[in-house]
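Single-letter residue listing:
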Amino acid sequence: MLELTDVSKHYGGIKAVDKVSFKVYPNEVVGLIGPNGSGKTTMMDLISGHTPLTSGHIVFNGQDITRHNATKIARAGIRRTFQTTSLFKDCTVLENLSIASHLEDKRSLFNVTTRKQSQLNIEHKSLELLEFVGIDSAYADRSVSELSTADQRRLMVAMAMVGDPAFILLDEPSAGMIVGERDDFQHLLLKIKNRGISILIVEHHMRLLSKICDRMVVLNFGKVIADDKPEIVQRDPVVVEAYLGRGSAAHAHG
Ligand SMILES: Nc1ncnc2c1ncn2[C@@H]1O[C@H](COP(=O)(O)OP(=O)(O)O)[C@@H](O)[C@H]1O
Ligand SMILES: [Mg+2]
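Remember, it's a predicted structure, so these values are computed and weren't measured experimentally.

Trainee: For the overall build of the protein, give the residues involved together with the corresponding values.
Mentor: A tally of helices and strands in the protein yields ten helices and ten strands. Taken over C-alpha atoms, the radius of gyration comes to 18 Å for the protein, in line with the 18 Å a tight globule of 254 residues would show. If one aligns the C-alpha atoms of the protein with their principal axes, the spans along those axes are about 60 × 40 × 30 Å. When the 254 residues of the protein are sorted by exposure, 48% land in the buried category. In the protein, the share of contacts with a sequence separation of at least 24, taken over all contacts with a separation of at least 6, comes to 67%. For the protein, the accessible area works out to roughly 12200 Å², and carbon and sulfur atoms hold 53% of it. Averaged over its 30 positive side-chain charges, the protein has a centre that lies 5 Å from the centre of its 30 negative ones.

Trainee: Just give me the short version of the sheet that holds strand S9 (residues 215-220), but keep the residues and values in it.
Mentor: If you trace the six strands from one edge of the open sheet to the other, you get S6-S7-S8-S3-S9-S10, paired in mixed fashion. The open sheet terminates on both sides in strands that have one partner only, identified here as strand S6 (78-80) and strand S10 (223-228). Averaged over all pairs of adjacent strands, the angle between strand axes in this sheet comes to 20°, irrespective of strand direction. As paired elements, S6 and strand S7 (residues 167-171) share three bridges and run parallel to each other. The residue of S7 that forms the bridge with arginine 79 is isoleucine 168. Along the sheet face, helix H7 (residues 179-194) touches strand S3 (29-33), S7 and strand S8 (198-202) and points at about 150° away from the line of S8.

Trainee: An account of the site of ligand 1 is needed here, citing residue identities and associated values.
Mentor: The full set close to ligand 1 counts eleven residues, and Gly37, Gly39, Lys40, Thr41 and Thr42 are the nearest of them. With respect to ligand 1, the backbone of glycine 37 contributes an N or O atom lying 2.8 Å from an oxygen atom. Bound to the protein, ligand 1 loses 62% of the 560 Å² it would expose on its own. When residues in the shell around ligand 1 are grouped by element, the largest group, three residues, is from helix H1 (residues 40-48).

Trainee: Outline the nonpolar core, supporting the account with residue identities and numerical values.
Mentor: Of all hydrophobic cores here, the largest spans 44 residues; its most connected members are Leu97, Leu130, Leu155, Val157, Leu189, Ile192 and Ile201. With seven residues, the single largest contributor to this core is helix H6 (residues 149-160). Looking at which domains feed residues into this core, each of domain 1 (1-77 + 165-254) and domain 2 (87-161) supplies at least three. Discounting residues that sit within four places of it in the chain, isoleucine 192 has contacts with Phe132, Val157, Met161, Ile168, Ile197 and Ile199. With 25 residues, the next largest nonpolar core counts Val17, Met43, Met44 and Ile47 among its residues.

Reading the values: the criteria
Residues numbered from 1 in each chain as written. Chains lettered and ligands numbered in written order. Predicted model: local features only at pLDDT ≥ 70, side-chain atom pairs only at ≥ 80, totals over all residues. Heavy atoms only, no water. Helix = DSSP H or I, 4+ residues; strand = E, 2+ residues; numbered from the N terminus. Rg over C-alpha atoms; globule rule 2.2 N^0.38 Å. Buried < 20%, exposed > 50% of the residue type's maximum accessible area, 1.4 Å probe, protein only. Contact = heavy atoms within 4.5 Å. Areas by Shrake-Rupley, 256 points an atom, 1.4 Å probe, with all protein chains shown as cover. Lys, Arg positive; Asp, Glu negative; His and termini not counted. Charge placed at Lys NZ, Arg CZ, Asp CG, Glu CD. Pairing = 2+ DSSP bridges. Axes fitted to C-alpha atoms, helices over the stretch in contact; angles between N-to-C directions. Near = heavy atom within 4 Å. Polar contact = N/O pair within 3.5 Å; in protein donor to acceptor, adjacent residues only side chain to side chain. Core = buried A, V, L, I, M, F, W, Y, C linked by side-chain atoms within 4.5 Å. Domains from an automatic or database assignment.

Everything listed here is a matter of geometry and, on its own, says nothing about what the molecule does.
Okay, here's the thing in structure tokens:
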């Protein structure tokens, strides 16, 4: 469903992403891992259209999206979360979801006759999404700043799911969670997979990754050094070496 061919992104002399090729199949969960600075976030930016490619091709569901901008890619069904929280902290939980919905459905902003109906639909769908990601509906009308870090991360996932995308990109979605919260979050990711949504996830918690991923793609200095089942990747000497070269695997992140 998603196919990357020789995708590169250069910043001056820095090859942040260097001729990367891999595929993500329908309903697959793929982990994108690698040491700090290996190009993971840049990879997400390239797929979601937040930064243009230097060279290479990206095809999604048979459509060449290489030169599409972020809005067009979102419309095609690829949504993302960001490594840093991108929530409107002073708005309520429901308002954040509503903003995401209006961006999704521009008609509701400009067509007066459908606006009221849309607003009701959006509120209904937003509440459904809150329940799906496991945020107590009591928080719907509270400010985002009142949510725990874990719930803010869940809200980011909910916002990425507005409009039923076929594919979501998650950049370190469990950052800032404690162990128990991360276990619950793991269930949420599996629930998303069970909805038939494909996931590409950047994450440094190997325990979480190995429980949810069908496959792992490993980057090092912008290049793919491994692409296989989690249990194989984790024992791959080349992968172990890449992590050990820059500190221990357990602490490698970025
Ligand atoms: N906007 C940018 N301008 C210049 N260099 C960048 C930019 N974004 C990323 N880089 C560089 O690209 C490399 C990969 O960064 P990044 O994709 O953020 O890595 P990761 O997410 O794996 O930690 C790093 O060397 C980083 O300094
Ligand atoms: Mg990153």
